[in-house]
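So the chains spell out like this:
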Amino acid sequence: GLRDLPNARPGQGYTGHAFNDYNHCDLTTMLGDVQDESNADGSVAEISRSNLLGPGIREASLPELGEGGSWSTCTNGCASDPPRDVA
């Protein structure tokens, strides 16, 4: 689950982009040990190599639904075979 936080700062739980553009159309479960990954190696094309999403994922996720959280991820690369998207 994901809180609706359209007025939070980007990187601090902002969810206004979720399902509101051409790209942020996946809601992905995020276990705690992957929330701070940043795409530093560039394995996902067209995605920043320095996104610090962990704090925002923890802020916007619904802890009453269990361990980890959720995040609205990009669909870039999902049509590749094999898929190379964020999720």
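Residues numbered from 1 in each chain as written. Predicted model: local features only at pLDDT ≥ 70, side-chain atom pairs only at ≥ 80, totals over all residues. Heavy atoms only, no water.

J.: Help me get a handle on the overall build of the protein chain, residues and values and all.
T.: Counting its secondary structure elements, the protein chain contains one helix and two strands. In sequence order, the protein chain lays out its α and β elements as β-α-β. At 12 Å, the protein chain has a C-alpha radius of gyration in line with the 12 Å of a compact globule built from 87 residues. Dimensions along the principal axes, computed over C-alpha positions, put the protein chain at roughly 35 × 25 × 20 Å. Buried residues in the protein chain amount to 31% of all 87 residues. Long-range pairs, those at least 24 residues apart, make up 60% of the contacts in the protein chain between residues at least 6 apart in sequence. Working note: accessible area of the protein chain is about 5600 Å², and carbon and sulfur atoms make up 51% of it. (Helix = DSSP H or I, 4+ residues; strand = E, 2+ residues; numbered from the N terminus. Rg over C-alpha atoms; globule rule 2.2 N^0.38 Å. Buried < 20%, exposed > 50% of the residue type's maximum accessible area, 1.4 Å probe, protein only. Contact = heavy atoms within 4.5 Å. Areas by Shrake-Rupley, 256 points an atom, 1.4 Å probe, with all protein chains shown as cover.)

J.: An account of a negative patch on the surface is needed here, citing residue identities and associated values.
T.: The grouping of Asp-33, Glu-37, Asp-41 and Glu-67 at the surface amounts to a negative patch. Tracing the sequence through the fold places Asp-41 in the loop between strand E1 (24-30) and helix H1 (54-60). The class for Asp-41 is exposed, based on a relative accessible area of 59%. (Patch = residues over 30% accessible without salt bridge, like charges linked within 9 Å, V, L, I, M, F, W, Y side chains within 5 Å. Salt bridge = Lys/Arg side-chain N within 4 Å of Asp/Glu carboxyl O. Lys, Arg positive; Asp, Glu negative; His and termini not counted. Charge placed at Lys NZ, Arg CZ, Asp CG, Glu CD.)

J.: Describe the confidence of the model for the protein chain, and please don't skip the residues or the numbers.
T.: Of all residues in the protein chain, 100% have pLDDT values of 70 or greater, and the mean over the chain is 84. Between the elements of the protein chain, mean pLDDT differs from a low of 82, seen in E1, to a high of 89, seen in H1. (pLDDT = per-residue confidence, 0-100.)

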